Amino acid sequence: MCAEHLIPIVPQGGNTGVCGGAVPDNSGRSIIVSLGRMNGIREIDAANNSITVDAGVVLADVHREAQRVNRLFPLDLGSSGSCQIGGNVSTNAGGIGVLKYGSMRSLVLGLEVVLPDGEVLDCLKGLRKDNSGYDLKQLFIGAEGTLGIITGVVLKLFSRPTHHTTALVGLPSCDAALDLFELCSSSMGSHLAAFELISGMQLEAVIENIPGTFRPLEVKYDWYVLLELTDDALDSELLERTENLLSGMIEAGDVSDAVIAKNLNERERLWRIRHSVSEANVRQGHVLSHDTSVPISRIGDFIRTCDEKLSHRLPGTRLHFVGHIGDGNVHVVVVFPDSEAFDRNWAQISEIVNGIALGMHGSIAAEHGIGQSLRQSLRQSKSETELRLMRLVKESLDPGNIMNPGKVL
Ligand code: ZN
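Residues numbered from 1 in each chain as written. Predicted model: local features only at pLDDT ≥ 70, side-chain atom pairs only at ≥ 80, totals over all residues. Heavy atoms only, no water.

Caption draft 1: Local environment of the pattern of salt bridges. Throughout the structure, instances matching the rule amount to 15 salt bridges. Among the ionic pairs, R304 bridges to D175, the shortest N-O distance being 2.9 Å. In this pair, R304 sits in helix α11 (residues 299-311) while D175 sits in helix α6 (residues 174-188), placing the two residues 129 residues apart along the sequence. The closest approach of N and O atoms between R344 and E340, which form a salt bridge, is 3.0 Å. Separated by 4 residues within a single helix, R344 and E340 lie in helix α12 (residues 339-359), roughly one turn from each other. Classification of R344 as exposed rests on a relative accessible area of 55%. Each of D175, R298, D301 and R304 takes part in one network of salt bridges that share partners. (Salt bridge = Lys/Arg side-chain N within 4 Å of Asp/Glu carboxyl O. Helix = DSSP H or I, 4+ residues; strand = E, 2+ residues; numbered from the N terminus. Buried < 20%, exposed > 50% of the residue type's maximum accessible area, 1.4 Å probe, protein only.)

Caption draft 2: Focus on the coordination of the zinc ion. Taken together, the protein ligands of the zinc ion are H324 (NE2), H331 (NE2) and E367 (OE), with distances of 1.8 to 2.2 Å. Along the chain, the residues donating to the zinc ion are arranged with the sequence spacing H-x6-H-x35-E. On the criterion of sequence distance, the pair formed by H331 in strand β17 (residues 329-336) and E367 in the loop between α12 and α13 (375-381) is long-range, its members being 36 residues apart. A single burial state applies to H331 and to E367, both of which are buried. (Donors = N, O, S within 2.8 Å, 3.2 Å for Na, K, Ca; no water.)

Caption draft 3: Region of the structure containing the state of the cysteines. Scanning the entire structure with this criterion turns up 0 disulfides. Here C19 is not cross-linked by a disulfide; its sulfur's nearest cysteine counterpart is in C83, at 14 Å. By relative accessible area, which is 9% here, C19 ends up buried. (Disulfide = S-S within 2.5 Å.)

Caption draft 4: Examining the nonpolar core more closely. Counting 46 residues, the largest nonpolar core has L180 and F302 as the members making the most contacts within it. No other element matches α6, which puts 8 residues into this core. Not counting chain neighbours up to four residues away, the residues in contact with L180 comprise V169, L171, F195, V225, L227, L245, L246, M249 and V255. Of all hydrophobic cores here, the second largest spans 37 residues; its members include V62, M104, I150 and M403. (Core = buried A, V, L, I, M, F, W, Y, C linked by side-chain atoms within 4.5 Å. Contact = heavy atoms within 4.5 Å.)

Caption draft 5: Structural view of a negative patch on the surface. A surface patch of like charges, here negative, comprises D235, E237, E240 and E243. The residue E243 is located in helix α8 (residues 238-251) in this model. Overall, the relative accessible area of 40% leaves E243 in the partly exposed class. (Patch = residues over 30% accessible without salt bridge, like charges linked within 9 Å, V, L, I, M, F, W, Y side chains within 5 Å. Areas by Shrake-Rupley, 256 points an atom, 1.4 Å probe, with all protein chains shown as cover. Lys, Arg positive; Asp, Glu negative; His and termini not counted. Charge placed at Lys NZ, Arg CZ, Asp CG, Glu CD.)

Caption draft 6: Examining the sheet that holds strand β7 (residues 120-123) more closely. One open sheet holds the 5 strands; their spatial order is β3-β4-β8-β6-β7, and the pairing between them is antiparallel. The open sheet terminates on both sides in strands that have one partner only, identified here as β3 (41-45) and β7. On average, each strand axis in the sheet is inclined to that of its neighbour by 10°, with strand direction left out of account. Relative to strand β8 (residues 149-156), strand β4 (residues 50-54) runs antiparallel, the two sharing 5 bridges. By the bridge assignment, I51 is partnered in β8 with L155. (Pairing = 2+ DSSP bridges. Axes fitted to C-alpha atoms, helices over the stretch in contact; angles between N-to-C directions.)

Here it is, written out as structure tokens:
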């Protein structure tokens, strides 16, 4: 009916996106299609390491279902308790597990999609290998609902880690964090599951604003890394190896101090700091957050350049850096004291930050998507050829432009 009457459709999952991708325009003509009640687990195939779910299943419920058959679904975000799988696929969500397991795109085996003309595309296969022509499902992953409505997904499952070693490390500089990353990845290999960078001011913002959080190291440092190593062997020497690695670095002066979680409770307390970042920043003021990525080798340059170009411009505001070093993804967060300062400055500041990232062959949308908020900037970040092909795909699948219009392109 929507196709026949050219009525715009806005698919909506958990509504936790940060780029306005699930928010309709002001025309008052759009129909919001909420997937929230389409939330069944269709099938778990433990031998195939796959789970087939409706698009409206909450991410944390997929974690629970996987755990029930002693498997892991590794996508993990701050909003796990409310974001939905359909939205995770539509935005090609990232989060803290990308370093080891990849972003959502690499976790999807199959999709079911309602096309703009109402036909159902059934690609719900749980295959690891299938070279029979174009891989159509990839078109809809990260398309933010502009090509169709994702209704079902086959996801990859993994063996469940038996051991976690989680540490918070204090560091004198972000270059020291990159050195630590290189050492951890070369000596720990695929055991390295997460490597999160948090600037000193950002950590303080969490401690000040989120009840129940605490400063894990006695002294304040300019930079912190929250890292996690996992092992699925029965006998693991990870803890010992991590202790040796970190104490060696402390002795050499490359790392200032470190604390390793002794039990599950301590591990959760360390992760709570990382997961509370967005909430803490919102409590501090009016937040402008960027979703930039650069080659890992350029992260130090990127942070220094942002700091140089922004700090003198921003009296009365706070500048935080937080992100996923292993993915080259740094969120540059500017917290304005009031909405007036935000309105006056946000456009110019975003142009500076995104410009620095693009100048280093980076991306302005590493894991959140384009939605409405980065639509204009997309034109600076893609070549004419890329944009032309993207438009061709959109026009051929959705000639009436009814699928989530005004988003991405
Ligand atoms: Zn992130």
